[in-house]
Amino acid sequence: APLEEVDLPLFFGWFLLSSVQEKVRCTSMDFLKTLDTLEAFKKHLADFTGKAEKEVDLEQYFKPKGALHCTTKFCNYGKAEGAKEYAENPAVKALYGSAFELSLTALFVTPRTVGARVSLTDEQLQLWPADAEQSSSLPPGSRAHITLGCAEGVEPVQTGLDLLDILALQQDGQQGEPAEEMELGSLTYYGEGRWLLSLREPIGAPACFSSFYG
Ligand code: ACK
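What comes next is a walk through the structure. (Residues numbered from 1 in each chain as written. Predicted model: local features only at pLDDT ≥ 70, side-chain atom pairs only at ≥ 80, totals over all residues. Heavy atoms only, no water.)

### A word on the site of the ligand
And then number 1: Close to the ligand lie Phe11, His69, Thr71, Phe74, Arg143, His145, Thr147, Pro156 and Val157, which account for all nearby residues.
And then number 2: At 2.8 Å from an oxygen atom of the ligand is found a side-chain nitrogen or oxygen belonging to threonine 71.
And then number 3: Between the ligand and proline 156 there is a distance of 3.3 Å, counted from an oxygen atom to a backbone nitrogen or oxygen.
And then number 4: Contact with the protein chains removes 74% of the 450 Å² of surface that the ligand exposes when unbound.
And then number 5: Every element with two or more residues in the shell around the ligand is listed here: β3 (69-74) and β6 (145-151).
And then number 6: If you tally residues by element for the shell around the ligand, the top one is β3, at three residues.
And then number 7: Within the shell around the ligand, the residues separate by chemical class into four nonpolar, four polar and one charged. (Near = heavy atom within 4 Å. Polar contact = N/O pair within 3.5 Å; in protein donor to acceptor, adjacent residues only side chain to side chain. Areas by Shrake-Rupley, 256 points an atom, 1.4 Å probe, with all protein chains shown as cover. Helix = DSSP H or I, 4+ residues; strand = E, 2+ residues; numbered from the N terminus. Nonpolar A, V, L, I, M, F, W, Y, C, P; charged D, E, K, R; others polar.)

### Looking at the environment of tyrosine 213
And then number 1: Tracing the backbone through its elements, the reader meets tyrosine 213 in the segment after β9 (195-212).
And then number 2: Taking relative accessible area as the criterion, tyrosine 213 reaches 32% and is therefore assigned partly exposed.
And then number 3: Along the primary structure tyrosine 213 and serine 103 are separated by 110 residues, whereas in three dimensions their C-alpha atoms are 25 Å apart.
And then number 4: Polar side-chain contacts of tyrosine 213 include one of 3.3 Å to the backbone oxygen of aspartate 7. (Buried < 20%, exposed > 50% of the residue type's maximum accessible area, 1.4 Å probe, protein only.)

### Some remarks on the packing of aromatic side chains
And then number 1: One pass over the structure, following the stated rule, counts 13 aromatic pairs.
And then number 2: Considering the side-chain rings of phenylalanine 41 and phenylalanine 48, the 5.2 Å spacing of their centres and the 55 degrees angle between planes classify their relative orientation as tilted.
And then number 3: An aromatic cluster of three or more residues is present, and its members are Phe12, Trp14, Tyr86, Tyr96, Phe100 and Phe209. (Phe/Tyr/Trp six-rings, centres within 6.5 Å; stacked < 30°, edge-to-face > 60°.)

### Section: a nonpolar patch on the surface
And then number 1: On the surface, a cluster of nonpolar side chains totalling about 260 Å² of accessible area is made up of Tyr77, Tyr96 and Tyr213.
And then number 2: Mapped onto the secondary structure, tyrosine 96 falls in the loop between α6 (90-95) and β4 (99-109).
And then number 3: Residue classification places tyrosine 96 among the partly exposed positions, given a relative accessible area of 31%. (Patch = residues over 30% accessible without salt bridge, like charges linked within 9 Å, V, L, I, M, F, W, Y side chains within 5 Å. Salt bridge = Lys/Arg side-chain N within 4 Å of Asp/Glu carboxyl O.)

### With respect to helix α1 (residues 18-37)
And then number 1: For α1, which comprises 20 residues, the first-to-last C-alpha distance of 29 Å matches the rise-based estimate of 28 Å (1.5 Å per residue) to within 8%.
And then number 2: Burial in α1 covers these residues: Val20, Gln21, Val24, Thr27, Ser28, Phe31, Leu32, Leu35 and Asp36. (Expected span 1.5 Å × (residues − 1).)

### So, the pattern of salt bridges
And then number 1: According to the stated counting rule, one finds seven salt bridges in the structure shown.
And then number 2: Linking arginine 194 and glutamate 192 is a salt bridge whose minimum nitrogen-to-oxygen distance equals 3.8 Å.
And then number 3: Glutamate 192 sits in the exposed class, given a relative accessible area of 60%.

### Remarks on the environment of glutamine 158
And then number 1: The topology assignment puts glutamine 158 in helix α8 (residues 157-171).
And then number 2: Separated by 127 residues in the primary sequence, glutamine 158 and phenylalanine 31 place their C-alpha atoms 20 Å from one another.
And then number 3: Setting aside anything within four residues of it in sequence, one finds glutamine 158 in contact with Arg112 and Thr113.
And then number 4: At 2.7 Å, the side chain of glutamine 158 and the side chain of aspartate 162 are in polar contact. (Contact = heavy atoms within 4.5 Å.)

### Some words on unusual backbone geometry
And then number 1: For asparagine 76, which is not glycine, the phi torsion reads 50 degrees and is therefore positive.
And then number 2: As for its position among the elements, asparagine 76 is in the loop between β3 and α5 (83-88).

### Here we look at the side chain of threonine 72
And then number 1: Secondary-structure assignment places threonine 72 in strand β3.
And then number 2: Once residues lying within four places of it in the same chain are set aside, the contact partners of threonine 72 are Phe12, Gly13, Trp14, Tyr86, Leu127, Trp128, Pro129 and Phe209.

By themselves, these figures tell us nothing about what the structure is for.
As structure tokens, this is what we get:
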């Protein structure tokens, strides 16, 4: 049936091809494995455990959340505000099913989520809903991310909110505390368990613009 005649999906987004999903998962696992061992991280361990002396295995701490994707519009089968308007947007219709290359420019970790920041091109921004950044004054596309894992009991919607939170600090002029030069890039600490790794080389990730019904 044509898109108009079926229920709206749970969400629209870019779905990473399976070969690159593997690569991104490996990169994030390597990052977590290394982050765990850094003195700078251990110094702020209480952010994660609530107790300074306890240890944390970040690879176990975060649980994977299914196929890697970058949500554009959460529709909740039509119940979310603006869902129908989004599905009817000519750019969404025209580009549905097309291939894109996403650029992953940073990895971030909080006590709740681990994710990758996605830096959207102008073409990709045509598919970005106007309300995604909510009441923040951050530019459109700021929330674009891939959820790599969530702590026990945390829903994936939190990943984008954690990213917005870090970007809002940056926008307020808080530069964070430079923590470590890693092979992958520069690691910065923003307090309260918030870590951002700016990738030296962005990761290019081929992805298909489509939707998920669940
Ligand atoms: O990791 P995500 O971007 O966060 O991908 C999943 C996807 O939709 C299916 O749950 C995202 N999601 C869930 N609720 C919302 C929401 N209210 N606003 C934006 N994205 C959401 C979730």
